[in-house]
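Now for the letters of each chain:
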Amino acid sequence: MSTQDGLSASRGPRASLESQLLKVRSLLTAGDLQQARAISDSILAEHPLDAGALIQRSRLESIGDNYRLAREYALSACRVGVRNKRQCMFLLRRLKTFNLIPELHGFIPRIPPNLLNDVDVAQLVALFLQTLNKPQLALHHLQLADAHNPSSAPLKSDIGVALLNLGRFDEAERHFRESLELEPDHAPAWWHLSRLHESSGSNAGHVDGLKQAIARAKDPRNAGLLAYALHRELDSQGDHAGASDALELACTSMRKVVAYSSEDEEGLFTLLKSLPAGEGDRNMAALDAPFTPVFIVGMHRSGTTLLEQLLSGHTDICSGGELYDFTSQLRLAADHHCSTELDAQIVQASADFDYEAIGRGYLESVDWRRSTGQRFVTDKLPSNFLNIGFILRALPGAKILHMSRDPMETCFSNLREPFSGTACRYSYDQAELANYYRQYFALMQHWRQRFPGRIHDVTYAALATDPAAELKRVMAYLGTGFQPAMLDPEAAASSVTTASAVQVRQKPGLPLRPKWHAYRDYLTPLAWRLSELGQRY
């Protein structure tokens, strides 16, 4: 046998496997799930430990809405490891999809160095580490990749984000500028620069550069991000008319790429309020919990990050950040993956849930975060206000802190923020945003009536004007004492990866005139709809 024949023979099984995997991929694209499953079965029978086959089967089961099976195949792939960039990227996304955070942390150090130095892999690893409130580790991986790819504008920008989240603003700005020197239209760098300039001031050069970049933008998402940046830069200059036009362009651009149905959302709220009266009222014995979960809920941009940062100054409170662990337990119970925090299918399946299993699953998935065995762990995912009925049934000892802020301030802050992924899809249209706020307001009234004494309301105004008094009330609700160190948010905010990363490091306070007031004419549709809550603007 010739040398060439030997090479072909050695490549034969692998080439055949890749061909089969490609065929399954094509069938999935075509929507032929049955035939794709049949070929996948034969592949796994012959190659049960092939990472590519396991990852592909996980994706197949997700398409078939078999959440538990999809999760198990992702775990199997993680145990096997990956051999190329494609597998690495897909497995990272799979682990994040199922909120398998310890497994994700364990997998990242096992990624081959040559893959970690790849721009795309490094960016994805860093993105996930940022969402897990690990900006220092994200920075480490980005800097390693940057050493091998010094001309990558996206890497420079992502390094800037990690530095911004660590409070190293001057270094962050330098990296955003380096990114724009390499790629003048790089939208994320422009956006994050505008976040920094909101407190430090803008200049005409930034405005001109943004207008030129917007004129050249082809992708609606990039155009939207650039327009949000232009809005903030013009706002810093006091050009509120121009800033209003930029904000309108930003919202219309984002609506082109972020789908939203007010009717579906209204249906979800109706379902939650129509759950049987006994839901959550059964006398289930308290779980033998190793810690007390503290859920900080409310609208996005209502001050939840500030409250968590102040609480984290307490020696017995572990700051968890925005966790998706409870949502993951609901998905597991329903064997269904929803694209947002909650959907109608999960609510409809809830009558058959094993709530004790959901509670134990949540506690086990979060417990690793308590590095020093603190008594409390905060879970600051604002949209968990939707899940309050499920939370209090699954976790009888849980505490609920509801953060509220002036409706107009809250909604305007949402309107001028480009959220990632499927978060806050209602926030790109004034009418839809106001309608969502009204439904949120009504649902919170419903939960208070259903669970009297279980929800403690915290107002942003009280927290900003007299934080000591408000925190003492919060700590009394939690059943522990106030500590003076809680009053120093800058000391506590060593890392913040939410949209409030800049503001939370500033001393809380209320402006003499609210931010939205300069935009009152532009915001007439929002104000008119919010007036139904009994407030006039």
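Note: the structure precedes this text.
What counts as what
- Residues numbered from 1 in each chain as written.
- Predicted model: local features only at pLDDT ≥ 70, side-chain atom pairs only at ≥ 80, totals over all residues.
- Heavy atoms only, no water.
- Helix = DSSP H or I, 4+ residues; strand = E, 2+ residues; numbered from the N terminus.
- Buried < 20%, exposed > 50% of the residue type's maximum accessible area, 1.4 Å probe, protein only.
- Salt bridge = Lys/Arg side-chain N within 4 Å of Asp/Glu carboxyl O.
- Axes fitted to C-alpha atoms, helices over the stretch in contact; angles between N-to-C directions.
- Parallel < 35°, antiparallel > 145°, perpendicular 65-115°, else oblique.
- Left-handed = near helix turned anticlockwise from the far one by under 90°.
- Contact = heavy atoms within 4.5 Å.
- Nonpolar A, V, L, I, M, F, W, Y, C, P; charged D, E, K, R; others polar.
- Lys, Arg positive; Asp, Glu negative; His and termini not counted.
- Polar contact = N/O pair within 3.5 Å; in protein donor to acceptor, adjacent residues only side chain to side chain.

## A look at unusual backbone geometry
- Phi is positive for Arg301, which is not a glycine, with a value near 70 degrees.
- Within the element layout of this structure, Arg301 appears in the loop between strand S1 (292-298) and helix H17 (304-311).
- Its identity as a non-glycine residue notwithstanding, Cys424 has a phi of 50 degrees, on the positive side.
- By secondary structure assignment, the location of Cys424 is in the loop between helix H22 (407-415) and helix H23 (430-450).
- A residue is classified by how much of its surface remains accessible, and Cys424, at 5% relative accessible area, is buried.

## Section: the pattern of salt bridges
- Applying the stated criterion across every chain, the model contains 25 salt bridges.
- A salt bridge links Arg375 to Asp316; its shortest N-O distance comes to 3.7 Å. Within this pair, whereas Arg375 is found in the loop between helix H20 (355-366) and strand S3 (376-379), its partner Asp316 is found in the loop between H17 and strand S2 (317-319), the two being separated by 59 residues in sequence.
- You can call Arg375 partly exposed: its relative accessible area is 41%.
- Take Asp316: its relative accessible area is 18%, and that puts it in the buried class.
- Arg448 is the partner of Asp457 in a salt bridge, and the nearest nitrogen-oxygen pair spans 3.1 Å.

## A few points about the packing of helix H8 (residues 119-131) against helix H10 (residues 153-165)
- Put simply, H8 and H10 touch, their axes get as near as 10 Å, and they point 20 degrees apart. As the angle between them shows, H8 and H10 are arranged roughly parallel. Crossing of H8 over H10 shows left-handed handedness. Contacts between H8 and H10 involve Val119, Ala122, Gln123 and Gln130 on the former and, on the latter, Pro154, Leu155, Asp158, Val161, Ala162 and Asn165.
- A per-class count over the contact of H8 with H10 returns six nonpolar, three polar and one charged.

## Description of the packing of helix H4 (residues 67-80) against helix H5 (residues 85-97)
- Packing of H4 against H5 leaves a shortest axis separation of 10 Å and a crossing angle of 135 degrees. Considering the angle they form, H4 stands oblique to H5. Two packed elements cross with a definite hand, and for H4 against H5 that hand is left-handed. Residues Tyr67, Ala70, Ala74, Ala77 and Cys78 of H4 form the contact with H5, whose own contacting residues are Leu91, Arg94, Leu95 and Thr97.
- Taken together, the residues of the contact of H4 with H5 break down into seven nonpolar, one polar and one charged.

## Re the side chain of Asp379
- Examined against the element boundaries, Asp379 turns out to sit in strand S3.
- Of the side chains with opposite charge, Arg369 comes closest to the buried, unpaired Asp379, at an N-O distance of 7.9 Å.
- At 2.8 Å, the side chain of Asp379 forms a polar contact with the side chain of Tyr362.
- Setting aside chain neighbours within four positions, we find Asp379 in contact with Val294, Phe295, Ile296, Gly321, Leu323, Tyr362 and Asn384.

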